[in-house]
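Chain by chain, the residues:
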Amino acid sequence: MGLSDEHEPLVPKSNGTKKSKVSYDAVPLEHSRKVNGKSEIKLTFDKASSQFIKGGGGPDPETPHTNGRVGAFPEENITYTWSGINVFTSGVEEQGSKLVNGVKNLFCKSRRSQLPSRKHILKNVTGVAYPGELLAIMGSSGAGKTTLLNTLTFRNSSSIIVNGQRAVNGIPINSTTLASLSAYVQQDDLFIGTLTVREHLIFQALVRMDRHIPVYQRMQRVEEVIADLALSKCQNTVIGTPGRLKGISGGEMKRLSFASEVLTNPPVMFCDEPTSGLDSFMAQNVVTVLKNMANKKKTIICTIHQPSSEVYAMFDKILLMAEGRVAFIGSPAQANEFFSSLGAACPSNYNPADYFIQLLAVVPSREETCRNTIEMVCDTFDRSEYGIKLAQATELRGDLQAKAILGGKMDIFSNGNVANRSPYKANWWTQFKAVLWRSWLSVRKDPTLMKVRLLQTLMVSIMIGLIYFGQNLDQDGVMNINGALFICLTNMTFQNVFAVISVSSVVCLTTLDLGT
């Protein structure tokens, strides 16, 4: 990409023309209503003129479309809380299969005494993320940042034991409910490199947006996301494959990851190391995108490693992790005040993020001293005013707290639409057409694959033609012709079967497309 593409402003400047935003949640796009105190223009698509017009007839504007979501959860203003989170690794007995453990029991009499104890990864972690705020989880390597993010998103492996409560607006939730309300941006960007930015977003809109939303509104949403995330200049550029096909830059690829997730306008977003592998300038641009999302009343939670001082100043709240415990959670100004009260104020002209991470890190040559310091900081925070207010903010609703404590089902929506709803937003026919369209584009745009298949077909056809050239229409000739036809069918069959080998490479991508 050129220099102008790399420095494209994240918020496109207005040229003086007033633009009307299309609401994702309104189906159809009609009338106007007030959202967060602002009047939102609704548009109606006129099929005769193929244009969008203001107003129009339709259903009662006072009854918005909920897209199958639970009425207890609004589209915006979601407060996500977690309290008493404890995470353990399973013992060797639980990790291995029953057959393997049974065989080991026959030969290892003292096996139980040799088993390592379960490791306590997260220790009574409590926190809260408010709408309109960008919460950054920071800490040294091994502090538990990624484990905490995976726990909050219900993405832990089966070998991990998780205790604690996770709630939205004070209501305990399960993985299905959270998946319908949130988006997750992985650390590694997974794309089909031969597609362009626009084609990728169109595919995402077809399979991930609600099935009741018409196609024209999905395309409008794609245009809006491209403009909001400053992808206009690279919208027709192929994404690219590292080492094979040159495509968009690293910063644009990260913004494309955000664009794929915000298509459904989720009120909650989780990001795992969104700035990894980027230079300081592009990292600041990516965090600016997150900050702009938070300004739209979305709840943003991300893990980040070694942010610059400029990026650190953009965070509304920070959560400092150390040895699996919460060392502090609050605003950057409150963090300076808290550590100053401990006699460990951040020096002037020093990056506060680097200082706090180094203060709460375990130095190899001073493990015991560092662990004592971490324990003192965490205990002080728990007893401080910040810790007391945090415990109060993470309390469950009164009518649901007793049920959760007494061991009731955490899935309070077991009789609702969420528990019984299919995880697939689009029906099977829509998914089939979208995947077929994407596969056709991917095969057609892959120059290496097309060249190999063309060369293979030509070589096989020439070889068969030379071997069976000049056959007579007698009994022997008919048998030879049957053999030639069998070879042709076999070649065509195995040429398609070879495509199964590439299935494993798109399994993770398919899982990401489904939002699971």
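It should be noted that the structure appears before, not after, this text.
Reference entry: report on the structure contained in this document. On a predicted model such as this, the values are computed, not experimentally measured, just so you know.

1. Points about the pairing of strand 13 (residues 317-322)
Across the six residues of strand 13, five count as buried, placing the element largely inside the fold. In the sheet, strand 7 (residues 134-139) pairs with strand 13 via five bridges, with the strands oriented parallel. Looking at strand 13, one finds that glycine 139 is bridged to methionine 321. Relative to strand 14 (residues 325-330), strand 13 runs antiparallel, the two sharing five bridges. In the sheet register, leucine 320 faces strand 14, and the bridge partner there is phenylalanine 328. Between strand 13 and strand 14, which pair antiparallel and follow one another directly, the connecting turn spans two residues, one of which, glutamate 323, has a positive phi of 55 degrees.

2. A word on the packing of aromatic side chains
For the structure on display, the rule yields 14 aromatic pairs. Summarising the aromatic geometry, the rings of phenylalanine 328 and phenylalanine 339 are spaced 6.4 Å apart at their centres and angled 55 degrees between planes, so their arrangement reads as tilted. Of the two residues, phenylalanine 328 is situated in strand 14 and phenylalanine 339 in helix 12 (residues 332-341); the sequence distance between them amounts to eleven residues. Phenylalanine 339 matches phenylalanine 328 in its accessibility class, with the two residues each being buried. Aromatic ring contacts, followed pair by pair, group Phe328, Phe338, Phe339, Tyr350, Tyr355, Phe356, Phe381 and Tyr386 into a single cluster. Arginine 155 extends its terminal NZ or CZ atom over the ring of tyrosine 184, reaching a point 4.0 Å from the ring centre.

3. Quick word on the sheet that holds strand 13
Within the open sheet, the six strands sit side by side as 10-11-12-7-13-14. Their pairing is mixed. The sheet is open, and its two edges are formed by strand 10 (182-185) and strand 14, each paired on a single side. Taken over all neighbouring pairs, the strand axes of this sheet differ in orientation by 15 degrees on average, direction set aside. Running over the sheet, helix 9 (residues 250-262) touches strand 10 and strand 11 (268-272) and is turned about 160 degrees from strand 10.

Reading guide: rules and limits
Along each chain, numbering runs from 1 in the same order as the chain's sequence is written. Predicted model: local features are reported for residues with pLDDT of at least 70 only, side-chain atom pairs are reported and counted for 80 or more only, and whole-chain, interface and lining totals are derived from all residues. Hydrogens and water are ignored here; the side-chain numbers use all heavy atoms of the structure. A 1.4 Å probe rolled over the protein chains alone gives each residue an accessible area, and that area as a share of the maximum for its type sets the label: buried under 20%, exposed over 50%, partly exposed in between. Where helices and strands are cited, they refer to DSSP runs of H or I of at least four residues and of E of at least two residues respectively, numbered from the N terminus. A pair of strands counts as paired when DSSP detects no fewer than two bridges linking them. Each Phe, Tyr or Trp ring (for Trp, its six-membered ring) is paired with any other whose centre lies within 6.5 Å, and the angle between the two planes then decides the class: stacked below 30 degrees, edge-to-face above 60, tilted in between. Both a distance and an angle decide whether a charge sits over a ring: NZ of Lys or CZ of Arg must be within 6 Å of the ring centre and within 35 degrees of the ring normal. Between N-to-C directions, angles cover 0 to 180 degrees, with each direction set by a line fitted to C-alpha atoms, over the stretch in contact for helices. Here, residues are in contact when the closest pair of their heavy atoms is within 4.5 Å.

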